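Report on the structure
Okay, here's what each chain looks like letter by letter:
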Amino acid sequence: MSALLAAGLAQAQTGPIKLMVGFPPGGGTDAIARILADKLKDQLGVPVLVDNKAGAGGQLAAQALKAAPADGNTLFLSHDHTITILPLVVKNPGYDSARDFVPVAGFATFANGLAISGGTPAKSMAEYVAWVQKQGAGKDTVGVPAPASVPEFLVKVIGQKYQLDLQAAPYRGSAPMMADMLGNQIHAGVGSVPDFIENQKAGKIRMVAVLGGKRQAALPEVPTFAELGLAGFEDLPYYGIFAPKGTPQAAIDKFGSAVARVIALPEVGERLTNMGLTVGYMTSAQLASREQAYAKTWARIIKDSGFKAQ
């Protein structure tokens, strides 16, 4: 073992470990990170601290990860938007996921969906479409948690399918979007099931459709878009943990194994499932393969939409 590798492993073992999140506190990604961090500290024997670096749909956190020392002490918990989608829609995001990051472990997939605000009477997709046609003359503004995101593209696709003029309103994360939905400042929003599920269960919003090839276990009453005739969106986005390129393999393996043990804990699996995640461990190599396949799918969808990188 080289002196450099030994030093890196020694630091990784003593911590504390910083687990960055690219969105503000209060959203689904932040809640997921805190659930995992609480148990990871027990598995690793060192503090695991959640560090919210919100901004630009996770872009700022990704840039910070690229600049961080590759010593196993700085990691990034992210979903598909920052890792896969942003590099496809931003000309100079400040990082290249394949070149600058190494996947550590994947732990779940999830579905995006359309939710209706409590002040809007619609209780189904058909009722929402009819309501927009009548109340808004076919026009409505739909919140999304980040610009140039899968939810934004989904807003466009929904508008095209139902011949509505739907305009996406990007927010800085799901928490402020949800605040406006709860205050009936916007009539609808597209985001992940984990972002919506707490208020869905409380009856404060109504999810009317989700992506994926089958209904979500946490929301068996909500149909898929495929059931409603909108096919081609069955490949679900993922959640994973990433490290700076050059992080010692032994440190990656150690953290990945800890993630596998944590999500196998019944209380953790139950909490994540209840949040709308489909829990399942992916090794570093498996997460890398999923990332590549997902990028290929969305590169085609984005190209077909006519969107130009900005």
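One can find the structure itself at the top, above this paragraph.
Residues numbered from 1 in each chain as written. Predicted model: local features only at pLDDT ≥ 70, side-chain atom pairs only at ≥ 80, totals over all residues. Heavy atoms only, no water.

Turning next to the side chain of S117. Tracing the sequence through the fold places S117 in strand 5 (residues 112–117). Taking relative accessible area as the criterion, S117 reaches 0% and is therefore assigned buried. Only 2.5 Å separates the side chain of S117 from the backbone oxygen of I186, close enough to count as a polar contact. (Helix = DSSP H or I, 4+ residues; strand = E, 2+ residues; numbered from the N terminus. Buried < 20%, exposed > 50% of the residue type's maximum accessible area, 1.4 Å probe, protein only. Polar contact = N/O pair within 3.5 Å; in protein donor to acceptor, adjacent residues only side chain to side chain.)

Attention now goes to the pairing of strand 8 (residues 188–192). Extensive coverage of strand 8 is indicated by the burial of five of its five residues. For strand 5 and strand 8, the ladder comprises five bridges, and the chain directions are antiparallel. From the neighbouring strand, A115 faces strand 8, where its bridge partner is G189. Of the pairings in the sheet, the one linking strand 6 (residues 139–144) to strand 8 comprises two bridges and is parallel in character. Bridge assignment links V142 to a residue of strand 8, and that residue is A188. (Pairing = 2+ DSSP bridges.)

Turning our attention to the packing of aromatic side chains. Per the stated rule, a full pass over the model turns up eight aromatic pairs. Seen from their ring centres, F107 and Y239 are 5.7 Å apart, and the 20 degrees between their planes marks the pair as stacked. Placement of F107 in strand 4 (residues 101–109) and of Y239 in strand 10 (residues 238–244) is noted, with a sequence separation of 132 residues between them. On the basis of relative accessibility, which here comes to 0%, the residue F107 falls in the buried class. On the basis of relative accessible area, Y239 is assigned to the buried category, the value being 0%. A ring pair is formed by F233 and W298, whose centres lie 6.0 Å apart and whose planes are at 50 degrees; its orientation type is tilted. With F233 in the loop between strand 9 (205–210) and strand 10 and W298 in helix 12 (residues 284–305), the pair connects residues that are 65 residues apart, well separated along the chain. Connected via pairs of aromatic rings, a cluster forms that spans F153, F233, Y238, Y294, W298 and F307. Of note, K161 hangs over the ring of Y162, and the distance from its end group to the ring centre comes to 5.5 Å. (Phe/Tyr/Trp six-rings, centres within 6.5 Å; stacked < 30°, edge-to-face > 60°. Lys NZ or Arg CZ within 6 Å of the ring centre and 35° of its normal.)

By themselves these figures say nothing about function.
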